[in-house]
Amino acid sequence: MMGPSGRHRNMPRHRKARHRKDRKDMSQQKPRLGFIGLGQMGAPIAVRLLEAGYQVTVHTRTRGPAAPVVQAGARWTDSVAGVARAADVVLTMLGMPDDVRDVYLGDDGLLACGRAGQVCLDLTTSSASLAAEIAARAEAVGIAVLDAPVSGGVPGARAGTLSIMVGGDAAAFARMRPLLERVGAACRFGGPGAGQRAKACNQIVIAGTMMGVCEGLALAGRTGLEQQDLLRMLAGGAAGGFLVQHMGPRIVAGDYRADFYVRHFLKDLDIALREAARLKLALPATELACRLYARLEQEGGGALGTQALATLYGPDSTMQKEHAHEA
């Protein structure tokens, strides 16, 4: 007599083994990925995912930056809609909140061209309110969108050691965690927008720390201390940290090439200060940092790295000359 599984009972042993293997392979199959935005951060993240064995379809506004990612094995498509059609999971790493709005909510955006069951991970630093709006509109069409901004810069993107701050549905985060951990350590802070609020906190800490690093090195330079020796001592003490160890030597060397653009950091500080204003929270140090970075941008430094704040402390800078005149 044959039970419900009788067809397996009568199956030759080698076919039973193959059947079990096929079922196991299906359960472990990697989702097809899409990636939109291949700038300084997006490109190395996409390459890491390719190296981890994922199939990745990519798109960015201009095809040139995609070349090394395509060379690493990605498939290019000419549109956001093409990514939505090709992928089970879409990651975005964009420049500004308006870019996020267009890519997700535009007429040919991810929500319009996607399908129920997809998951989107927005790695952009954007606003919590926009993240919540996108998540709500995505849920209405059966798509889960997690805000998942990252910190750690280009070195972290290349090494897979980013900090990933996530907001959104808990079940979607649980499904996406193995993927996220290919590029860093992920923590969910709450519902939609919570990841962006955590990233705002991160940027506040960076702003204050960067001012301290620049001012400490400026004082050392004016008093004749060896700045490299100072950095070595700072790194081993309570002042040690990522900015001292990674940006301090670049400041001393006069290397202001961007891992993260001043203009993008200004956007982040504006987001943080708007959130603080909504909560009626005074953040005087962050307000000062925002004014200093705005000055740096006005003086032509928008495309430099955030460590270029140090140029405001040089003896020939306009800010220092104004201070000397006032004194």
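Residues numbered from 1 in each chain as written. Predicted model: local features only at pLDDT ≥ 70, side-chain atom pairs only at ≥ 80, totals over all residues. Heavy atoms only, no water.

Undergrad: Would you explain the packing of aromatic side chains in this entry?
TA: Within a pair of aromatic rings, the relevant descriptors are the distance that separates the centres and the angle that separates the planes. Scanning all chains against the criterion turns up two aromatic pairs. Where Phe260 meets Phe265, the ring centres are 6.2 Å apart and the plane angle is 80°; that geometry is what we call edge-to-face. Residue class for Phe260 comes out partly exposed when judged on its relative accessible area of 27%. Take Phe265: its relative accessible area is 1%, and that puts it in the buried class. Seen in terms of ring centroids, Phe265 and Tyr293 are 5.0 Å apart; in terms of plane orientation they differ by 80°. Their pairing is edge-to-face. (Phe/Tyr/Trp six-rings, centres within 6.5 Å; stacked < 30°, edge-to-face > 60°. Buried < 20%, exposed > 50% of the residue type's maximum accessible area, 1.4 Å probe, protein only.)

Undergrad: How should the pattern of salt bridges be read in this particular structure?
TA: Two side chains of opposite charge can pair, provided their charged atoms sit close to one another. Taken as a whole and assessed by the stated rule, the structure comprises 16 salt bridges. Notably, a salt bridge pairs Lys267 with Asp268, separated by 2.9 Å at the nearest N-O pair. What makes Lys267 buried here is its relative accessible area of 12%. Using a relative accessible area of 2% as the deciding quantity, one classes Asp268 as buried. Here the salt bridges do not stand alone but share partners, grouping Arg250, Asp255, Arg257 and Asp259 into one network. (Salt bridge = Lys/Arg side-chain N within 4 Å of Asp/Glu carboxyl O.)

Undergrad: Can you walk me through empty space enclosed by the protein in this structure?
TA: For the coordinates displayed, the defined rule picks out one cavity of 30 Å³ or more. Reported here for the largest cavity is a volume of approximately 70 Å³. In terms of lining residues, the largest cavity is bounded by Val100, Asp122, Ser126, Leu130, Ala131, Ile134, Val145, Leu146, Asp147 and Gln196. Listing elements by their share of the lining of the largest cavity, those giving two or more residues are helix 8 (128-139) and strand 6 (144-147). Taken together, the residues of the lining of the largest cavity break down into six nonpolar, two polar and two charged. (1 Å grid on protein atoms, 1.4 Å probe; cavity = no way out; pocket = protein on both sides within 12 Å on 5 of 7 lines; lining within 4 Å. Points joined across faces, edges and corners; volume = space filled by probe spheres on them. Helix = DSSP H or I, 4+ residues; strand = E, 2+ residues; numbered from the N terminus. Nonpolar A, V, L, I, M, F, W, Y, C, P; charged D, E, K, R; others polar.)

Undergrad: Can you help me understand unusual backbone geometry in this one?
TA: Excluding glycine, a negative phi dihedral is what most residues carry, and trans is how most peptide bonds are arranged. Despite not being glycine, Lys280 shows a phi value in the positive range, around 55°. Its location among the elements puts Lys280 in the loop between helix 14 (262-278) and helix 15 (284-301). A relative accessible area of 77% means that Lys280 is categorised as exposed.

Undergrad: Explain the layout of surface pockets to me, please; I cannot follow it from the model alone.
TA: A water-sized probe, rolled over the atoms, reveals where empty space remains. Within this model, the largest pocket holds a volume of roughly 1,100 Å³. Taken together, 47 residues form the lining of the largest pocket, with Met41, Met93, Leu94, Phe260 and His264 sitting closest to its centre. For the lining of the largest pocket, the secondary-structure elements that each account for two or more residues are helix 6 (97-105), strand 7 (150-151), helix 9 (153-159), helix 11 (194-222), helix 13 (242-253) and helix 14. Among the elements that take part in the lining of the largest pocket, helix 11 stands out by supplying five residues, more than any other.

Undergrad: Hey, could you run me through helix 8 in this one?
TA: Counting along an α-helix, one turn takes 3.6 residues, and residues three or four places apart therefore face a common direction. Between its terminal C-alpha atoms helix 8 stretches 16 Å, which fits the 16 Å expected from 12 residues at 1.5 Å a residue. Taken together, the buried positions of helix 8 are Ala128, Leu130, Ala131, Ile134, Ala135 and Ala138. The arc that holds the buried residues of helix 8, viewed along the axis, is 160°, so those residues lie on one side. The secondary structure elements touched by the buried residues of helix 8 are helix 6, helix 7 (110-113), strand 6 and helix 11. (Expected span 1.5 Å × (residues − 1). Arc of directions from axis to C-beta. Contact = heavy atoms within 4.5 Å.)

Undergrad: Hey, could you run me through the nonpolar core in this one?
TA: Buried together is how nonpolar side chains tend to be arranged in soluble globular proteins. The biggest cluster of nonpolar side chains holds 39 residues, and the ones touching the most others in it are Phe35, Ile45, Leu49, Leu121, Leu123 and Ile164. Contacts of Leu121, omitting those with residues within four sequence positions, involve Val89, Val90, Leu91, Thr92, Tyr104, Leu146, Met176, Leu179 and Leu180. (Core = buried A, V, L, I, M, F, W, Y, C linked by side-chain atoms within 4.5 Å.)

Undergrad: Just to check I follow, could you spell out the pairing of strand 5 (residues 119-122) for this structure?
TA: A regular strand places its side chains on the two faces of the sheet in alternate fashion. Here strand 5 shows two buried faces, one formed by Val119 and Leu121 and the other by Cys120 and Asp122. Direction of pairing for strand 5 relative to strand 6: parallel, over a ladder of four bridges. Bridge pairing in strand 6 places Val119 opposite Ala144. (Pairing = 2+ DSSP bridges.)

Undergrad: Teacher, can you tell me more about the confidence of the model for the protein chain here?
TA: Reading fine detail from the predicted coordinates is not recommended where pLDDT is low. Per-chain confidence: the protein chain averages 92 in pLDDT, with 91% of residues scoring 70 or above. Low confidence marks residues 1-11, where pLDDT is under 50. Its contacts with residues over four positions away, or in another chain, come to 10 contacts. Note on residues 14-27: pLDDT under 50 across the span, and five contacts to partners over four residues away in sequence or across chains. (pLDDT = per-residue confidence, 0-100.)

Undergrad: Honestly, the state of the cysteines in this entry has me stumped. Any pointers?
TA: Where two cysteines share a covalent bond between their sulfur atoms, that bond is called a disulfide. Throughout the structure, instances matching the rule amount to zero disulfides. Considering cysteine sulfurs only, Cys113 is the nearest to Cys120, which forms no disulfide, with 11 Å between them. (Disulfide = S-S within 2.5 Å.)

Undergrad: How should I be thinking about the packing of helix 14 against helix 15 in this particular structure?
TA: Think of two packed helices as two axes; the pair is described by the angle between the axes and how far apart they sit. It is the contact of helix 14 with helix 15, at a shortest axis distance of 10 Å, that shows an interaxial angle of 150°. By the angle class used here, helix 14 and helix 15 are roughly antiparallel. For the pair helix 14 and helix 15, the sense of crossing is left-handed. Of the residues in helix 15, those touching helix 14 at Val262, Arg263, Phe265, Leu266, Leu269 and Leu273 are Thr286, Glu287, Ala289, Cys290, Tyr293, Ala294, Leu296, Glu297 and Gly301. Residues of the contact of helix 14 with helix 15, tallied by class, amount to 10 nonpolar, two polar and three charged. (Axes fitted to C-alpha atoms, helices over the stretch in contact; angles between N-to-C directions. Parallel < 35°, antiparallel > 145°, perpendicular 65-115°, else oblique. Left-handed = near helix turned anticlockwise from the far one by under 90°.)

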